[in-house]
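Structural features, examined
Given next are the chains, with one letter for each unit.
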Amino acid sequence: MKIVDAKVVVTSPGRNFVTLKLTTDEGLTGLGDATLNGRELAVVSYLTDHVAPLLIGLDPHRIEDTWQSLYRGAYWRRGPVTMAAIAAVDVALWDIKAKAAGLPLYQLLGGASRERVGTYGHANGRDIPELLDSVRARLAEGYPAVRIQSGIPGLKAVYGVSDTDETGAPVLHQQARPLVEDWDTAAYLRHVPTVFEAVRAEFGAELPLLHDSHHRLTPVQAARLGKDLEPYRPFWLEDCTPAENQEALRLVRRSTTTPLAVGEVFNTVYDYQTLVTEQLIDYVRSAVTHFGGVTPLRKLFDFAAQYQIKSAIHGPEDISPVGMAAAVHLDLAVHNFGIQEYSGHTPLTDEVFRHAYTFSDGHLHPGEAPGIGVELDEELAAAHPYAAAYLPVNRLHDGTVHDW
Ligand SMILES: [Mg+2]
């Protein structure tokens, strides 16, 4: 079997998605997600100009060899653009291999290790009463665990709140400039424990509660927050520091027993070396789409398993149904699965990407369709062309740019 066509499809059924479609001489097709939120067209160029021509004529069964040649052969390793492009190729090849075998992808990854995949949903509120309503809505939808993000008194716009509407659905800023949000770390550190206190008082001790600090704290600030949240037993504190500096997590880890989750902006195993071998974290959070695909993410999970660290694949709305499908196959197969982030997509997105995976009672299952189980409606995709959109930027009261 040979690859005869490699096509990049960009579509915006409410938000931008980049998809690689490979076709073989036997008529099999494979899809891979290459969406890099806010920098989509850089990956389109990487794939179209530099990767697609190299794929023509290759045997699609040689996944490991193709991955290594794209990673090592470029000389310029790592980085989100490169790794999103390689991820799309990797997932498309796995899709083809599983279709050729007539099996859903999870069967090629060792088969199911569980019956279904547990998720968490996002609850957001501009204030605590609105957040409590949002938690109630997620529980009514069946979610067994909830990430809680609240507005902070005195701040106009805060991560996880200003970019969603009252149903928790994302409000996109499709404009030529990023939205500017504001930030005050001291106000945040004072407010978050009161948020946990209110949610625990309303929903009891058993509901798993997650919280995302979105890379905004120094190590000592993160340590303080971890300690302050301990009485409320969080499921995890996510991205408490900008963890490119992996050593920062040593201070946090020494100071608190609040579980730590890190890694949604990481793109290779090297970003995790210190964090995993020193057991500084509890969950690895990379997405299939941004980590080079199923092949390296499976290796990361196996590496993390030796240190009792679990998987928690990043799953916001900008991971397309193609990337989400690949994630759910991995989730079902790996032994050290922890939890899957899941917000779902709009009905229009689900029409463009018809998928076999299902969400019910707060749990996902990849389905039994051969491959990853996603079909791309190219005609409908073409009817919704790319629209420029950016993630927000964050500024302190005096105008200084802060981590978003
Ligand atoms: Mg996050």
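Everything below is about the structure printed above this text.
Quick summary incoming for the structure in this document. None of these values were measured; they are calculated from a predicted model.

The subject of this paragraph is unusual backbone geometry. Despite not being glycine, histidine 214 shows a phi value in the positive range, around 50°. Tracing the backbone through its elements, the reader meets histidine 214 in the loop between strand 7 (209-212) and helix 7 (219-229).

Next up on the list: the side chain of aspartate 95. Looking at the element boundaries, aspartate 95 is found in helix 3 (residues 80-101). The buried category is assigned to aspartate 95, whose relative accessible area is 0%. One polar contact links the side chain of aspartate 95 to the main-chain amide nitrogen of leucine 31, over a distance of 3.0 Å. Leaving out residues up to four positions away in the same chain, aspartate 95 has contacts with Thr29, Gly30, Leu31, Gly371, Ile372 and Gly373.

This part is about the sheet that holds strand 3 (residues 29-33). Pairing is antiparallel in the open sheet, where 3 strands are placed in the order 1-2-3. Each edge of the open sheet is held by one strand with a lone partner, namely strand 1 (3-11) and strand 3. Recorded for the sheet is a direction-independent mean angle of 20° between the axes of neighbouring strands. By the bridge criterion, 8 bridges tie strand 1 to strand 2 (residues 17-24) in an arrangement that is antiparallel. Along strand 2, the bridge assignment pairs alanine 6 with leucine 22. This element, helix 1 (residues 40-55), spans strand 1 and strand 2 of the sheet and lies at about 175° to strand 1.

Turning next to the sheet that holds strand 6 (residues 180-183). Strand order in the open sheet formed by 3 strands is 6-17-18, with mixed pairing between adjacent strands. Both edges of this open sheet fall to strand 6 and strand 18 (401-402), since each of them pairs with a single strand only.

Both faces of strand 7 are covered, namely the face carrying Leu209 and His211 and the face carrying Leu210 and Asp212. With 2 bridges joining them, strand 5 (residues 146-150) and strand 7 adopt parallel strand pairing. Its bridge partner lying in strand 7, valine 146 is registered against leucine 209. As paired strands, strand 7 and strand 8 (residues 236-238) are joined by 3 bridges and run parallel to one another. Counterpart to aspartate 212 in the pairing with strand 8 is glutamate 238.

This brings us to the packing of helix 5 (residues 128-140) against helix 6 (residues 185-203). Packed helix pairs are characterised by how far apart their axes lie and by the angle those axes make with each other. The contact between helix 5 and helix 6 brings their axes to 10 Å, and the two run at 50°. In terms of orientation, helix 5 lies oblique with respect to helix 6. When you trace helix 5 past helix 6, the crossing you get is right-handed. Two secondary-structure elements touch here, helix 5 through Ile128, Leu131, Leu132, Val135, Arg136 and Leu139 and helix 6 through His191, Thr194, Val195, Ala198, Val199, Glu202 and Phe203.

Turning to the packing of aromatic side chains, a few remarks are in order. Per the stated rule, a full pass over the model turns up 14 aromatic pairs. A connected cluster of aromatic rings, assembled from ring pairs, spans Tyr120, Phe235, Trp236 and Tyr283. Stacked on the ring of tryptophan 183, the Lys or Arg arginine 216 has its end atom at 4.6 Å from the ring centre.

For helix 3, spanning 22 residues, the distance from its first C-alpha to its last is 31 Å, which sits close to the expected 32 Å at 1.5 Å a residue. In terms of burial, helix 3 is largely enclosed, as 17 of its 22 residues are buried. Of the residues one or two after helix 3, glycine 102 is the one with positive phi, at around 70°.

Criteria and cut-off values
- Residues numbered from 1 in each chain as written.
- Predicted model: local features only at pLDDT ≥ 70, side-chain atom pairs only at ≥ 80, totals over all residues.
- Heavy atoms only, no water.
- Helix = DSSP H or I, 4+ residues; strand = E, 2+ residues; numbered from the N terminus.
- Buried < 20%, exposed > 50% of the residue type's maximum accessible area, 1.4 Å probe, protein only.
- Polar contact = N/O pair within 3.5 Å; in protein donor to acceptor, adjacent residues only side chain to side chain.
- Contact = heavy atoms within 4.5 Å.
- Pairing = 2+ DSSP bridges.
- Axes fitted to C-alpha atoms, helices over the stretch in contact; angles between N-to-C directions.
- Parallel < 35°, antiparallel > 145°, perpendicular 65-115°, else oblique.
- Left-handed = near helix turned anticlockwise from the far one by under 90°.
- Phe/Tyr/Trp six-rings, centres within 6.5 Å; stacked < 30°, edge-to-face > 60°.
- Lys NZ or Arg CZ within 6 Å of the ring centre and 35° of its normal.
- Expected span 1.5 Å × (residues − 1).

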